[in-house]
Amino acid sequence: MHIFLYGPSGSGKSTLGSLLAQDLEMPFLDLDANIEAHVGMPISSIMRARGEETFRDLESLALKDSVNQPVQVIALGGGALLRAENRALAEAHGQVIFLETDPAVLIERLKQDKNQRPLLAGELESSLRSLLREREDHYGSFPLRVNTGMEPGRILPNIRTLLGRHRLRAMGAPYDVVVHEGGLDDIGNLLTSRGCGGTALLVSDEHVAPLYADCVLASLQKAGFSVELTVIPSGEDHKTVDTVAALWRAALAAGLDRKSTMLALGGGVVSDLTGFAAATFMRGCNWAVLPTTLLSMVDASIGGKTGFDLPEGKNLAGAFYPPRLVLADPQVLSTLPRRELRGGLAEVLKHGVIADPVLFDLCAQGEAAVMQALSQVVKRAVAVKVQVIEQDPYEHGIRAALNFGHTVGHAVELISAYSLQHGEAVAIGMAAETKLAEKLGIAQIGLARQITDALAGVGLPVAIPSGFAPEELVNAMRVDKKKADGVVRFALPVKIGEVKPGVAIDDLMLALEE
């Protein structure tokens with residue numbers, strides 16, 4: 001889908017469009033500049049010589065041509081979508097981001113602009129304010145809006161979050177993370193546009209495959225892939241080297257080679273196993289992630305972590321191996337059992353604690369509020385994960401903040417013999433580790449209550465179940481992969497929006513005491 005930037009003169013459409021295109025590694029088209037090049041004269045001259053209506057006709061023709069080009073970022077003129085048919089065309093072929101700017105900022109920018117703007121002839125301020133009043137209802141009708149009264153470097157992340165589009169470069173070969181409603185139906189085209197093709201293996205589990213495998217297979221086949229489906233048992237207890245070996249054999253049977261693609265359709269277990277199989281099959285082939293759980297959309301699918309469990313603990317064997325594409329389609333969450341959806345909210349809340357107070361506050365309003373804004377929740381949580389990974393792709397520093405709740409959480413999950421789901425265990429871990437942070441003087445007083453209330457408000461457990469022996473939990477924490485130099489290190493919250501990673505704890509019983 002194209003990205004259209006729209007707004008009044010001076011809102012920064014051309015500047016931000018060019019920067020956004022560079023950031024996402026997409027082509028950029030300035031529609032006004034394209035019209036000028038085609039006609040051979042500036043827009044001001046076109047309007048003077050032929051009138052505004054003729055210019056609008058040229059604009060409509062240019063827009064029709066642009067939407068038939070490969071996906072690109074398109075900066076629109078300030079009145080390009082006044083015509084209903086133009087707006088319908090743009091919204092049918094992409095996402096329109098309205099650039100919202102205070103009139104005083106617009107005036108200052110336009111005073112420094114040498115371009116002639118026929119609709120702002122005469123005294124600039126009065127002409128601009130009159131035009132803004134005239135278009136107030138029109139401009140106010142666009143739902144996706146970004147404030148541009150700041151430096152471009154601060155605006156671009158907001159646009160990416162709103163779009164649900166990110167380009168990760170920190171782990172070698174760049175790859176895209178896309179949040180796109182209905183995106184599964186277009187996965188074949190999305191992969192071919194990223195250089196994938198030929199043979200493919202679709203990996204799913206016994207719960208997800210009956211729901212979504214057919215639409216993914218159809219999309220891949222329509223795009224020219226020769227694809228086979230393999231279905232693995234669901235659940236953490238099947239996240240083993242035996243399942244990885246089964247995937248290697250399935251890849252061989254399907255005729256995959258190093259240029260082929262494995263696709264993971266499912267939750268975190270499916271993506272971890274498929275990613276590791278892809279990383280090691282013929283020393284590495286392409287892979288893509290199609291997460292179908294909230295937890296995998298906002299956490300497990302992003303960052304290139306792959307692997308499997310050992311009897312001694314979770315994820316003790318694995319590798320960093322980035323995919324070619326992560327495509328999160330929030331529509332599939334409609335079939336997710338409520339318990340699993342709540343488990344994903346533990347990771348969403350964790351991301352809010354780490355770096356997004358707005359996301360935390362939204363979740364703290366309770367489960368009903370989250371469900372009404374689920375697509376926004378996914379986009380904001382994904383943006384936090386992407387931001388952290390870009391800063392620290394291999395977990396040498398700040399990325400360890402993503403482990404908040406996971407040291408105690410993994411131990412609880414293991415001792416429960418996985419009767420507790422990952423998100424439930426992480427919620428318990430977040431509550432326990434925040435209490436630890438308060439005891440150590442790292443967290444603000446009251447933070448444990450704030451986080452615990454938010455977790456309970458979306459239906460998550462917050463207490464270690466009775467009957468779990470503290471000694472067993474401590475032993476489980478001691479073999480956690482976050483241990484370094486024989487010491488277990490925690491990521492502990494300081495306040496909403498800040499987590500301190502790398503806190504060494506010798507006496508692990510402290511983390512279990514109320």
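Residues numbered from 1 in each chain as written. Predicted model: local features only at pLDDT ≥ 70, side-chain atom pairs only at ≥ 80, totals over all residues. Heavy atoms only, no water.

Another aspect to go through is the domain arrangement of the chain. Under the domain assignment, the chain is made up of domain 1 (2–151), domain 2 (164–336) and domain 3 (394–511). Placing the centre of domain 1 and that of domain 3 at their C-alpha centroids yields a distance of 49 Å. (Domains from an automatic or database assignment.)

Right, let's get into unusual backbone geometry. For Met282, which is not glycine, the phi torsion reads 50° and is therefore positive. As for its position among the elements, Met282 is in the loop between helix 13 (268–280) and strand 11 (286–291). In this structure, Ala417 takes a positive phi of about 55° despite not being glycine. Within the secondary structure, Ala417 sits in the loop between helix 19 (406–415) and helix 20 (422–439). (Helix = DSSP H or I, 4+ residues; strand = E, 2+ residues; numbered from the N terminus.)

Turning to helix 5 (residues 84–93), a few remarks are in order. For helix 5, the full list of buried residues reads Asn86, Arg87, Leu89 and Ala90. Viewed along the axis of helix 5, the buried residues span an arc of 160°, placing them on a single side of the element. Exposed residues pointing more than 90 degrees away from the buried face of helix 5 are listed as Ala84 and Ala92. As for helix 5, its buried residues are in contact with strand 1 (2–6), helix 4 (52–67), strand 4 (94–100) and helix 8 (136–140). (Buried < 20%, exposed > 50% of the residue type's maximum accessible area, 1.4 Å probe, protein only. Arc of directions from axis to C-beta. Contact = heavy atoms within 4.5 Å.)

Turning to the UniProt feature "binding site: substrate" (unreviewed entry) in the chain, a few remarks are in order. UniProt's entry tags Asp32, Arg56, Gly78 and Arg135 with the feature "binding site: substrate" (unreviewed entry), counted in the numbering of this structure. By secondary structure assignment, the location of Arg56 is in helix 4. A relative accessible area of 8% means that Arg56 is categorised as buried. Examined against the element boundaries, Gly78 turns out to sit in the loop between strand 3 (73–75) and helix 5. Judged by relative accessible area, which is 14%, Gly78 ranks as buried. Beyond its immediate chain neighbours, meaning those up to four positions away, Gly78 contacts Tyr6, Gly7, Lys13, Arg135 and Tyr139. (UniProt positions renumbered as here; feature names shortened; annotations may be inferred.)

This part covers the packing of aromatic side chains. Taken as a whole, this structure holds 6 aromatic pairs when the rule is applied. Ring centres of Tyr6 and Phe98 lie 6.3 Å apart, and the angle between their planes is 75°; this geometry places the pair in the edge-to-face category. Placement of the pair is Tyr6 in strand 1 and Phe98 in strand 4, with a sequence separation of 92 residues. Pair check on accessibility: Tyr6 and Phe98 agree, each one buried. Measuring from centroid to centroid gives 6.2 Å for Phe98 and Phe142, while their planes differ by 10°, and the two rings are stacked. With Phe98 in strand 4 and Phe142 in the loop between helix 8 and strand 5 (145–147), this residue pair connects regions lying 44 residues apart in the sequence. Phe142 carries the same exposure label as Phe98, and that label is buried. The rings of Tyr6, Phe98, Tyr139 and Phe142 are connected pair by pair, giving a single aromatic cluster. (Phe/Tyr/Trp six-rings, centres within 6.5 Å; stacked < 30°, edge-to-face > 60°.)

This next bit is on the sheet that holds strand 4. If you walk across this open sheet you meet the 5 strands as 2-3-1-4-5, and the pairing is parallel. What marks the edges here is a single partner per strand, and that holds for strand 2 (28–30) and strand 5. For this sheet, the mean angle separating the axes of adjacent strands, direction not counted, is 25°. Where strand 1 lies against strand 3, 3 bridges are found, and the strand directions are parallel. Across the sheet, residue Leu5 finds its bridge partner in strand 3, namely Ala75. Of the strands in this sheet, strand 1, strand 2, strand 3 and strand 4 are in contact with helix 1 (residues 13–24), which crosses strand 1 at around 155°. Lying on the sheet, helix 4 is in contact with strand 1, strand 2 and strand 3; it crosses strand 1 at an angle near 150°. (Pairing = 2+ DSSP bridges. Axes fitted to C-alpha atoms, helices over the stretch in contact; angles between N-to-C directions.)

Further remarks concern the pattern of salt bridges. Here the structure, examined in full by the defined rule, presents 27 salt bridges. In this structure, Glu108 engages Lys111 in a salt bridge whose closest nitrogen and oxygen atoms are separated by 3.7 Å. Separated by 3 residues within a single helix, Glu108 and Lys111 lie in helix 6 (residues 103–111), roughly one turn from each other. (Salt bridge = Lys/Arg side-chain N within 4 Å of Asp/Glu carboxyl O.)

On to empty space enclosed by the protein. Leftover empty space is mapped by rolling, across the atoms, a probe with the size of a water molecule. Across all of its chains, the model carries 1 cavity of 30 Å³ or more by this definition. In this model, the largest cavity occupies a volume close to 100 Å³. For the largest cavity, the lining is made up of 13 residues, of which Gly313, Lys314, His410, Ala476 and Asp480 are closest to its centre. Contributing elements (two or more residues each) for the lining of the largest cavity: strand 13 (313–320), helix 19 and helix 22 (470–478). At 4 residues, helix 19 tops the list of elements feeding residues into the lining of the largest cavity. For the lining of the largest cavity, the residue count by class is 6 nonpolar, 3 polar and 4 charged. Mapped onto the domain boundaries, the lining of the largest cavity takes at least three residues apiece from domain 2 (164–336) and domain 3 (394–511). (1 Å grid on protein atoms, 1.4 Å probe; cavity = no way out; pocket = protein on both sides within 12 Å on 5 of 7 lines; lining within 4 Å. Points joined across faces, edges and corners; volume = space filled by probe spheres on them. Nonpolar A, V, L, I, M, F, W, Y, C, P; charged D, E, K, R; others polar.)

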